[in-house]
Amino acid sequence: VMGMTTAILFVLAFYLKEKIDFIHKKKFLYIASLLSIFNYLGYALFSDLITIPVFRFLQGIIYTIGFTFTMALVLDIIPQKNRTGLIGIFGISGAITNAVGPFLGEKILKHFSKNPYQIDKEAFYYLFIAAMISSILWFICLLLANPPKIILLKEEKNLPSPKISDYKGILIFPVLFGSAFSTIASFISDYANELDLLP
């Protein structure tokens, strides 16, 4: 269940790799942000053993659209001469959420738990409501964003399709980096508990 979101990202991103330039990206981002609002509301109100895998599956679709379509839209918007530096800035904005999100989440959980050293199950309701509010802000930001008009390309059927082997020279680096990053991010809190570290 934990790995479902990333697995769906992998499958859908691979499926979309040749289609994303021919799709109205902003429209799909609207759909993803609205789905995200209802998905987090679902977590808050209906979480159980049956529904959580369904919510994670939907989260995978939302994450794939949010991640790949936003990056593709950024590439459409940024002028070629500034592309490397500004994509770096865009990447930093994603890294900031990796730092700030868990910190805010922990603060919310501690605030709504009776004992700050033991999270109450009920506190997660407020965490999911906060995530829903974040998705509402995402939708509002999309409404306010006014990128230059992008002309959709016309798909040419006879172009050769890129293969995974075309990326084999660089593929190992993001796989190794991502594996180390996600392993530490997933298990650092369990490690802290093993060491009896207080929050």
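From a predicted model like this one, the values you see are computed outputs, not experimental measurements.

Caption draft 1: Representation of the nonpolar core within the structure. By size, the foremost hydrophobic cluster in this structure holds 11 residues: Leu16, Ile20, Ile23, Leu29, Ala32, Ile62, Ile65, Phe69, Ala72, Leu73 and Leu142. By residue number, the principal contributor to this core is helix α3 (residues 51–77), which donates 5 residues. If near-sequence neighbours (up to four positions away) are discounted, phenylalanine 69 is found in contact with Leu16, Ile20, Ile23, Lys25, Phe28, Leu29 and Thr64. Counting 8 residues, the second-largest nonpolar core is a separate cluster that includes Tyr40, Tyr43, Ala44 and Phe55.

Caption draft 2: The arrangement of the packing of α3 against helix α4 (residues 83–111) in detail. In contact at an axis separation of 11 Å, α3 and α4 are set at 150° when each is read in the N-to-C sense. For the element pair α3 / α4, the angle class is roughly antiparallel. Seen from above, α3 lies across α4 with right-handed handedness. Where α3 approaches α4, its residues Thr70, Met71, Val74 and Leu75 are matched on the opposing element by Arg83, Ile87 and Phe90. Grouping the amino acids of the contact of α3 with α4 by side-chain chemistry returns 5 nonpolar, 1 polar and 1 charged.

Caption draft 3: The packing of aromatic side chains, seen in detail. Summed over the entire model, instances satisfying the criterion amount to 9 aromatic pairs. Three or more aromatic residues joined by ring pairs form one cluster here, namely Tyr40, Tyr43, Phe55 and Phe128.

Caption draft 4: Summary view of the side chain of threonine 5. Assignment of secondary structure puts threonine 5 in helix α1 (residues 4–16). Accessibility expressed as a relative area gives 9% for threonine 5, which makes it buried. Polar contacts involving the side chain of threonine 5 include one to the main-chain carbonyl oxygen of arginine 56, which spans 3.4 Å. Not counting residues up to four positions away in its chain, the partners in contact with threonine 5 are Arg56, Gln59, Gly60 and Tyr63.

Caption draft 5: Broad picture of the pattern of salt bridges. In the structure shown here, the tally under the stated rule is 1 salt bridge. Close ionic contact of lysine 110 with glutamate 106 constitutes a salt bridge, the shortest N to O distance being 2.7 Å. Separated by 4 residues within a single helix, lysine 110 and glutamate 106 lie in helix α4, roughly one turn from each other.

Reading the values: rules and limits
Residues numbered from 1 in each chain as written. Predicted model: local features only at pLDDT ≥ 70, side-chain atom pairs only at ≥ 80, totals over all residues. Heavy atoms only, no water. Core = buried A, V, L, I, M, F, W, Y, C linked by side-chain atoms within 4.5 Å. Buried < 20%, exposed > 50% of the residue type's maximum accessible area, 1.4 Å probe, protein only. Helix = DSSP H or I, 4+ residues; strand = E, 2+ residues; numbered from the N terminus. Contact = heavy atoms within 4.5 Å. Axes fitted to C-alpha atoms, helices over the stretch in contact; angles between N-to-C directions. Parallel < 35°, antiparallel > 145°, perpendicular 65-115°, else oblique. Left-handed = near helix turned anticlockwise from the far one by under 90°. Nonpolar A, V, L, I, M, F, W, Y, C, P; charged D, E, K, R; others polar. Phe/Tyr/Trp six-rings, centres within 6.5 Å; stacked < 30°, edge-to-face > 60°. Polar contact = N/O pair within 3.5 Å; in protein donor to acceptor, adjacent residues only side chain to side chain. Salt bridge = Lys/Arg side-chain N within 4 Å of Asp/Glu carboxyl O.

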